[in-house]
Amino acid sequence: MASSNNVEEDPYPGYNPHGDLEKVAENLYVVYGSFYPKPMIRINNTMTVVKNGDEIIIVNSLRVSKEVEEQIQKLGKIKHVVRLCGGHGAYDRYYVERFNCTLWDLPATDRKISEHQRVLSEGSECPIAGAKIFLVKAICRIEEAII
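Let us look at the structure shown here.

Scoring rules and cut-offs
- Residues numbered from 1 in each chain as written.
- Predicted model: local features only at pLDDT ≥ 70, side-chain atom pairs only at ≥ 80, totals over all residues.
- Heavy atoms only, no water.
- Buried < 20%, exposed > 50% of the residue type's maximum accessible area, 1.4 Å probe, protein only.
- Helix = DSSP H or I, 4+ residues; strand = E, 2+ residues; numbered from the N terminus.
- Contact = heavy atoms within 4.5 Å.
- Pairing = 2+ DSSP bridges.
- Axes fitted to C-alpha atoms, helices over the stretch in contact; angles between N-to-C directions.
- Arc of directions from axis to C-beta.

**Section: helix 2 (residues 92–99)**
Part 1 of the argument: Where helix 2 is concerned, the buried positions are Asp92, Tyr94, Tyr95, Val96 and Phe99.
Part 2 of the argument: For helix 2, the elements touching its buried residues are strand 3 (41–52), strand 4 (55–59), helix 1 (66–75), strand 5 (77–82) and strand 6 (102–105).
Part 3 of the argument: Of the residues trailing helix 2, Asn100 is marked for its positive phi of about 50 degrees.

Here it is in structure tokens:
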């Protein structure tokens with residue numbers, strides 16, 4: 001499990017412990033990671049990588065090691081980052097600025113990090129071919145979506 005921030009002079013948040021890029025289905029990959037907001041408290045998170053032709057869509061981004069990032073880039077060009085939960089997004093700016101890709105974000109967010117930013121909404125276009133967007137409303141205080 002990678003767990004270092006050997007990124008020299010990097011203005012973005014470093015990466016936390018994470019595993020390898022794992023293929024779970026045709027054109028579908030995951031990276032399992034975790035972070036420690038306080039000592040003895042670990043929160044697991046998963047980044048999903050979708051290959052759509054020669055384009056890559058990253059869902060719920062994680063900052064990953066250089067080696068895993070290179071594995072992702074071998075799959076195709078990173079074109080989209082999708083944020084499905086209001087509690088995520090700390091690493092979105094890294095991908096948007098480093099790879100000049102489009103950020104798909106939740107409607108209630110007031111953050112603007114790119115001129116190529118799109119809003120997720122039900123019935124609207126989705127960066128994953130054939131997928132639909134569903135917004136989760138009134139269940140919790142943090143807005144979420146499902147693809």
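**Details of the sheet that holds strand 4**
Part 1 of the argument: Judged by pairing direction, the sheet is mixed, and its seven strands sit side by side in the order 1-2-3-4-5-6-7 without closing on themselves. In this open sheet, the two edge strands, each paired with only one partner strand, are strand 1 (22–25) and strand 7 (117–119). Adjacent strand axes in the sheet meet at a mean angle of 30 degrees, parallel and antiparallel pairs treated alike.
Part 2 of the argument: In this sheet, strand 4 lies alongside strand 3 in antiparallel orientation, the contact comprising five bridges. Looking across to strand 4, one finds that Lys51 is bridged to Ile56.
Part 3 of the argument: The sheet strands contacting helix 1 are strand 2 (28–38), strand 3, strand 4 and strand 5, and the helix crosses strand 3 at an angle near 25 degrees.
Part 4 of the argument: Running at roughly 150 degrees to strand 5, helix 2 makes contact with strand 3, strand 4, strand 5 and strand 6 of the sheet.

**Examining helix 1**
Part 1 of the argument: For helix 1, every residue scored as buried is listed here: Val68, Glu69, Ile72 and Leu75. What you see down the axis of helix 1 is that its buried residues fit within an arc of 105 degrees, all on one side. Away from its buried face by more than 90 degrees, helix 1 exposes Lys66, Glu67 and Lys74.
Part 2 of the argument: Packing partners of the buried residues in helix 1 comprise strand 2, strand 3, strand 4, strand 5 and helix 2.

**What about the environment of Leu75?**
Part 1 of the argument: Mapped onto the fold, Leu75 is located in helix 1.
Part 2 of the argument: Between the C-alpha atoms of Leu75 and Glu55, which are 20 residues apart in sequence, the distance is 8.1 Å.
Part 3 of the argument: Excluding residues within four positions of it along the chain, Leu75 makes contact with Leu21, Tyr29, Val49, Lys51 and Ile56.

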